[in-house]
Structures are given as C-alpha cells and as structure tokens.
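Descriptive structure summary
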Amino acid sequence: MPIHNGVDRRTFLRAGLTGAAMLGAAGLLSACGGGSAPGGASQGRAVTPTYVPYANKPPADLPGNDFGLADTYLKYPSNPRKLTDGVPGDGSDVTAMVLTYDPIVPGVENNRYWQEVNQRLGVNLKMQQVPAGDYGSKLPTVLAGNDIPDFVQFQTYPPSFPDLLKAKFQDLAPFLAGDKVKDYPFLANIPGYFWDTSVMYNGGIYGIPIAAYKMVNYLFTRDDIIEGKGLSTTFGTFDEFLDLVKAVNDPRNSQWALTHVVEPTAKAPAGTFAYVLQCMGVGNVWSENNGTFTSYHVDERTKEAISVCAGLVKDGYVHPEAFSGATVDFVTNMAIGRAVMGIPGGLTSLPRFFNLSISDKMRIGGAKPVPYAAGTDARAWQRTPAFSITAIKQGEPERIRTLLEIANYLATPFGSEEYSFINFGSRGTHWNPDGAGGDPVITPLGKAELTGFGLPYIACPPRVLYTPGIADSVRKQYEIEKSMMETSVANASLGLYSETEGRKWATLERAMGDAQAEIMKGNQPLSTWDDAVRTWKAQGGDRIAQEYQEVLAASK
C-alpha cells in the first residue's frame with residue numbers, strides 16, 4: 001500500500017568508485033534486438049522529473065545551493081522526525097541486487113536490522129549483496145536468466161546499455177516524468193541534474209539515480225604536517241605549489257610530498273595528474289564546443305602535464321608505492337603521515353582518513369587548482385553526480401507503483417527518523433549517541449548487520465556533507481568546495497551514451513593509463529604519448545566523439 005507522507009501527497013555507506021567493468025554483457029542482447037541510435041536518444045528525451053526540494057529539512061549548519069554545493073552538517077540533527085506512516089509494501093517478496101565493498105551481512109534469520117527492514121517496508125526483502133570485485137562477472141549471468149531482481153544496481157554500464165534497459169527494465173517516465181514524480185515526494189527531492197546525467201535513455205526514464213555529489217575533487221593536504229614544518233598551507237600559483245612540494249618532502253623520514261600521480265585503471269584522470277590538468281585549464285575528460293566533442297587526451301597541455309608528473313616522480317617527490325597501490329592505500333599513506341598531499345578518492349575519503357589515522361592531531365585541509373602560468377584559467381572538475389543507477393524490472397503498473405513507493409521510503413531525507421534507521425539501524429541496538437552532540441556511534445552489532453547491507457544502493461536522498469566527530473575538517477571541506485563550485489566544469493559527455501564507448505572505453509582507457517604511467521615512471525620517453533594518442537583515436541576515440549555529437553544533436 002502507498003505511504004501517507006507527512007507532507008502533501010504527491011553514508012555512512014562507502015561510496016568509492018569500483019574498477020569492476022561490466023563487460024561481457026554484450027551477449028545479453030542477442031534476444032533483445034537493437035536499432036536504437038547511439039546513446040538511445042532516437043526517440044528524444046523524456047521530461048525530467050520535477051525537482052521539489054523537501055521543505056522541512058533540518059536547517060543546515062552550512063547551507064548548500066542549487067548549483068550542487070551540498071548542505072553541510074557539523075553534528076547530526078537532534079530528535080529526528082518521522083515523515084511517513086503506514087508501510088510502502090504490499091506483503092510480497094521484493095528482490096534486489098546491489099554491490100558491496102564490505103563483508104556480506106548475516107542472513108535475515110540472524111539479522112535484527114534486516115527483520116526490521118522487512119517490517120518497515122511491508123515486504124519480504126530478498127537482497128543479493130555481491131562483492132564489488134565479483135559484480136561485473138555475476139551481473140551478465142543474472143540478466144541472461146528469467147529471474148531478474150526487482151531492483152538492479154548498475155555502477156558501470158555494459159555494451160548496448162540502452163537496448164538492455166529497453167528489453168529488460170521498466171520505463172519509469174509514465175510514473176515519474178515532470179510533475180508525476182510528485183506522487184513520490186522524496187524522489188522528487190532529487191535534483192534534476194542527477195536524473196539528466198544518468199537515467200534518461202530511449203526517450204524514457206530507466207532507473208533511479210543513486211545521488212552522490214556534484215561537488216568537485218581537489219587536493220587534500222595534511223595541514224598539521226605542513227604547519228608543523230613552519231610552512232603555509234595556502235598557495236596561489238603552480239610555482240608556489242611546487243615550492244611547497246619541495247619543502248615538505250622528507251624521504252629520509254619516510255614522508256613524501258605526494259601520494260601518487262596517476263591511477264592507470266581509473267576511467268578519468270586521478271591523483272596529482274588530475275590536479276595539474278585542472279591547474280592548466282584542461283577540460284574535464286570530454287569538452288564540447290558547438291556540438292564537437294574533444295577528449296582531454298588530444299589536448300596538447302595533457303602531454304605537458306604528463307611531463308610535469310614524470311619530473312615529480314624522477315625527483316623523488318612521489319611516494320614510492322604510487323604505481324602499485326589502490327585508492328585505499330593512498331588514503332592510508334596520507335592518514336599515517338607517509339604522504340602530505342594527494343587526491344585519493346574525493347570527499348568519500350574524508351571519514352577514512354580519520355578511521356586510519358595514528359595521530360589525534362591530524363587536520364585535513366585542501367587546495368583548489370591554481371593557475372599553471374600567468375593568464376591560465378584554472379578550473380576544478382566536477383564529479384559524476386550519480387554514483388550509480390538502480391533499474392526496476394518490467395512489471396504491471398500496480399507492481400511498479402509499489403516498488404516506487406519502496407524507493408520513495410528509502411529516499412527519505414537526511415535528519416529524518418527513517419533516514420536514521422536506514423543508515424544507522426535501531427538506537428540502543430545498532431548505534432548509540434556520543435556523549436557530546438548526539439552523533440551516532442555504531443555498535444559492533446551495527447557494523448556486522450548494516451555495513452554491507454546496501455539499502456541506499458536501491459534508492460537514497462541527495463547526499464549531505466556530514467562526518468561525525470570531525471566538525472572542523474568538515475567545515476574546511478565545505479569552504480573549499482564553496483570557493484570552487486560555481487566556476488567548476490562538468491564532463492560534457494554526461495547524460496550521453498556512445499555504443500563505442502560502452503564496448504571499448506575500458507580497453508582504450510587502460511591503454512592510455514598504461515602509457516601515462518610508463519612515461520611518468522621513466523620507462524618510456526615523452527614522445528610515445530603522441531603514438532598512444534594516434535592509436536586511441538584510430539581504435540575508437542574518434543568514433544566515440546562522433547557518436548556523442550550525433551546523440552547531442554538528436555536530443556535537441
């Protein structure tokens with residue numbers, strides 16, 4: 001039955017990006033047909049769900065804005081208010097498949113949190129929690145069968161993704177397009193740019209965006225270490241940044257200036273390389289001008305940025321494990337003081353710094369991109385707003401409405417009683433308030449039963465910036481984001497689909513990442529980058545750009 005909301009009727013979850021590409025799914029479409037234009041835009045675009053911000057949210061300590069700066073809270077709101085009555089479900093079985101970065105939780109018969117989830121939702125929820133590293137191999141098998149879960153999470157997209165969605169999943173436009181979303185007020189609380197950049201395919205709406213941050217990534221700094229050396233944490237030019245790099249570098253005491261320069265497996269530039277590109281004013285992965293798309297690969301400044309990073313490695317300013325560690329290792333190296341600056345995963349890394357720190361004096365600051373040279377227009381890069389999407393299996397209209405009511409419940413906003421339960425469990429069982437501001441402190445049982453459960457991967461509200469116990473660092477991150485947000489640049493390909501990109505991007509980017517790394521390590525001369533770019537263009541890069549152009553033109 002539908003929920004009756006307290007308004008007119010109408011993470012503690014880790015959110016790092018997975019490197020598991022869902023390739024191998026091309027065979028799924030042998031029975032699905034084809035024929036959609038590249039990007040699935042041949043039928044135009046559905047009307048974006050109307051954005052209706054929830055009006056009664058707890059006042060933010062530091063308010064966000066419509067451009068994408070997130071509301072920021074320095075402590076958890078007291079006395080969370082229940083926003084719903086009744087249950088969204090109809091007593092049926094509901095299935096879901098999501099990924100997890102944590103140990104699989106105990107089954108429902110031994111999991112008090114899961115049991116209460118079923119009671120609150122009014123369904124028998126059957127969750128498949130798949131380790132992130134296995135998700136890409138398991139998904140094609142599940143989708144090829146006849147027993148597709150009601151909710152399926154997609155964090156990376158398989159080949160022929162629009163055709164797959166059309167064949168297997170529900171077009172939600174009849175339920176959510178325009179003002180129709182007002183029937184689900186907490187889904188209506190998700191800003192339009194999350195929908196526009198993630199779920200608009202085939203002239204319809206094929207999923208619910210799992211909202212992350214539009215907020216930008218920037219250079220994290222260990223301010224306590226920098227100031228402990230008598231140095232300033234602020235700099236206004238790239239030369240001043242390099243001066244700071246030299247001044248804080250102390251390899252004799254196992255402390256390097258920079259965590260890493262590049263991540264060869266990343267889908268977009270990362271590490272110090274990304275910071276240098278932003279300082280140079282290079283576009284965010286893809287740029288668009290008068291309908292023509294250009295990759296950062298072909299920008300001449302990218303070659304110079306590779307040269308700069310190679311010099312930093314050669315001169316010993318980069319941690320020696322820079323080319324062997326995963327993102328979590330980069331966070332660890334900063335947290336334990338073995339590196340002083342880096343871009344190790346963005347805002348979602350902030351709580352991990354403090355979980356891993358060996359010093360109670362650690363202070364995390366940050367720096368926005370600064371001009372590489374006089375006259376350079378340094379610009380921060382925005383993140384991809386949606387972390388993933390959740391598609392809903394095709395079904396009868398009443399079934400779809402029930403599943404959307406469940407998603408609406410799961411999207412109740414930060415500070416509500418429902419949000420507190422979904423993310424922290426039951427007070428006194430899964431969490432207790434700390435002695436000061438009432439921030440939730442998760443109990444051992446809470447960690448065991450909740451951490452890998454994955455409800456927010458079915459649906460969730462827009463994220464806020466909040467990490468308990470580190471209010472000063474949270475305030476600092478907000479101030480940095482606010483200083484950069486309105487001049488930051490998005491990836492121009494967001495919301496567009498290229499079939500060539502879907503089939504070849506992982507292979508193409510792995511090759512380019514390897515080429516960057518080999519030059520930075522000193523194993524190859526800088527001139528090999530020109531050969532890598534030519535190969536990239538010939539093997540699919542130019543075709544991807546052309547397909548983006550065609551999709552953009554067809555969507556207007």
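We now turn to the structure provided with this report. (Residues numbered from 1 in each chain as written. Predicted model: local features only at pLDDT ≥ 70, side-chain atom pairs only at ≥ 80, totals over all residues. Heavy atoms only, no water.)

**As for the overall build of the protein**
Put simply, the rule is: Put simply, DSSP H or I for four residues or longer makes a helix, DSSP E for two residues or longer makes a strand, and each gets a number counted from the N terminus. Under the scheme applied here, a residue whose accessible area is under 20% of the maximum for its type counts as buried, over 50% as exposed, and between as partly exposed, the area being computed with a 1.4 Å probe on protein chains only. Using a 1.4 Å probe, the Shrake-Rupley method yields the accessible areas, and only the shown protein chains count as cover for residues.
If you tally the helices and strands in the protein, you get 18 helices and 17 strands. Counting across all 556 residues of the protein, residues that qualify as buried make up 55%. For the protein, the exposed surface amounts to about 22100 Å²; the carbon and sulfur share of it is 49%.

**A word on helix H16 (residues 471–484)**
Applied cut-off: Given the number of residues in a helix, its expected span is that number minus one, multiplied by 1.5 Å. Of all possible arcs, the one meant is that of the directions from the helix axis to the C-beta atoms.
Under the 1.5 Å per step criterion, the end-to-end length of H16 is 20 Å for 14 residues, consistent within 8% with the ideal 20 Å. Among all positions in H16, only Ser473, Val474, Gln477, Tyr478, Ile480, Glu481 and Met484 are buried. Seen from one end, H16 has its buried residues packed into an arc of 165 degrees, which puts them on one side. Away from the buried face of H16 by more than 90 degrees, exposed residues Asp472 and Lys482 are located.

**Re the packing of aromatic side chains**
The geometry of two aromatic rings is summed up by the distance between their centres and the angle between their planes. This is how the line gets drawn: In summary, the pairing rule links any two rings of Phe, Tyr or Trp, Trp by its six-membered ring, whose centres are within 6.5 Å, and it sorts them by plane angle into stacked for under 30 degrees, edge-to-face for over 60 and tilted for everything else. Only Lys NZ and Arg CZ are tested; either one counts as a charge over a ring when it is within 6 Å of the ring centre and within 35 degrees of the ring normal.
Evaluation of the coordinates by the stated rule reveals 28 aromatic pairs. Aromatic side chains Phe293 and Tyr548 sit 5.5 Å apart centroid to centroid with 45 degrees between the ring planes, which places their arrangement in the tilted category. Of this pair, Phe293 sits in strand S12 (residues 292–295) while Tyr548 sits in helix H18 (residues 528–555), placing them 255 residues apart in sequence. With a relative accessible area of 5%, Phe293 lands in the buried category. Members of the aromatic cluster, each reached through a chain of ring pairs, are Tyr73, Tyr76, Phe414, Tyr419, Phe424 and Tyr466. Positioned above the aromatic ring of Phe421, the side-chain terminus of Arg120 is 4.0 Å from the ring centre.

**Focus on the sheet that holds strand S9 (residues 219–222)**
The condition is simple: What makes two strands pair is DSSP finding at least two bridges between them. Each axis is a line fitted through C-alpha atoms, taken for helices only over the stretch in contact, and angles between the N-to-C directions span 0 to 180 degrees. Two residues form a contact once any of their heavy atoms are found within 4.5 Å.
On the basis of which strands lie adjacent, the open sheet formed by four strands has the order S10-S13-S9-S14 and mixed pairing. Since the sheet does not close on itself, it has two edges, and those belong to strand S10 (256–258) and strand S14 (364–367), each with one partner. Pairs of neighbouring strands in the sheet enclose a mean axial angle of 25 degrees, with direction left out of account. Summarising the sheet, S10 and strand S13 (residues 339–342) pair through two bridges and their orientation is parallel. Bridge pairing in S13 links Leu258 to Met341. Against the sheet, helix H8 (residues 238–248) makes contact with S9, S10 and S13, and its axis sits at roughly 160 degrees relative to S13, the strand it touches most.

**What about the packing of helix H17 (residues 499–520) against H18?**
Operational definition: What sets the label is the angle itself: under 35 degrees gives roughly parallel, over 145 gives roughly antiparallel, 65 to 115 gives roughly perpendicular, and the rest give oblique. Two helices crossing with the near one rotated counterclockwise from the far one by less than a right angle form a left-handed crossing, whereas a clockwise rotation gives a right-handed crossing. Amino acid classes used here: Ala, Val, Leu, Ile, Met, Phe, Trp, Tyr, Cys and Pro are nonpolar; Asp, Glu, Lys and Arg are charged; the rest, including Gly, are polar.
Running from N to C, H17 and H18 cross one another at 160 degrees; their axes reach a closest spacing of 10 Å. As judged from the angle between their axes, H17 and H18 are roughly antiparallel. Handedness of the crossing formed by H17 with H18: left-handed. Here Glu499, Thr500, Glu501, Lys504, Trp505, Leu508, Glu509, Met512, Ala515, Gln516 and Ile519 of H17 lie close against H18, whose contacting residues are Thr528, Trp529, Ala532, Val533, Trp536, Gln539, Gly540, Gly541, Arg543, Ile544, Glu547 and Tyr548. Here the residues of the contact of H17 with H18 are counted per class, giving eleven nonpolar, six polar and six charged.

**Structural notes on the nonpolar core**
Heads up, the rule is: To define a nonpolar core, start from buried Ala, Val, Leu, Ile, Met, Phe, Trp, Tyr and Cys residues and group those joined through side-chain atoms within 4.5 Å.
Of all hydrophobic cores here, the largest spans 74 residues; its most connected members are Leu125, Phe154, Leu176, Leu187, Ile205 and Leu404. The element that contributes the greatest number of residues to this core is helix H13 (residues 397–410), accounting for seven residues. Judged by nonpolar contacts, the second largest core, of 55 residues, contains Leu219, Leu496, Ala517 and Ala545.

**A word on the packing of helix H10 (residues 300–314) against H17**
Running from N to C, H10 and H17 cross one another at 45 degrees; their axes reach a closest spacing of 8 Å. Between H10 and H17, the crossing angle belongs to the class labelled oblique. Contacts between H10 and H17 involve Ile306, Cys309, Ala310 and Val313 from the first element and Gln516, Ile519 and Met520 from the second. In the contact of H10 with H17, the residues fall into six nonpolar, one polar and no charged.

**Structural notes on helix H3 (residues 161–168)**
Residue pairs three or four apart in sequence face the same way in an α-helix, which turns once every 3.6 residues. Residues Phe161, Pro162, Asp163, Leu164 and Leu165 constitute the buried set of H3. Check the buried side of H3 and you find it contacts helix H2 (132–144), strand S5 (151–154), strand S6 (200–201), strand S15 (386–392) and H17.

**Notes on the pattern of salt bridges**
Going by this rule: Only one rule defines a salt bridge in this text: a Lys or Arg side-chain nitrogen within 4 Å of an Asp or Glu carboxyl oxygen.
Inspection of every chain in the model, using the stated rule, returns 22 salt bridges. Across the pair Asp150 and Lys393 runs a salt bridge, and its minimum N-O distance is 3.9 Å. Taken together, the residues span a long stretch of sequence, with Asp150 in the loop between H2 and S5 and Lys393 in the loop between S15 and H13 at a distance of 243 residues. For Glu547, the salt bridge identified is with Arg543, shortest N-O distance 3.1 Å. You can see Glu547 and its partner Arg543 sitting in helix H18, four residues apart, about one turn around the helix. Note on Arg543: relative accessible area 38%, which makes it partly exposed. What you see here is one network of salt bridges that share partners, running through Lys82, Glu116, Arg120, Glu417 and Glu418.

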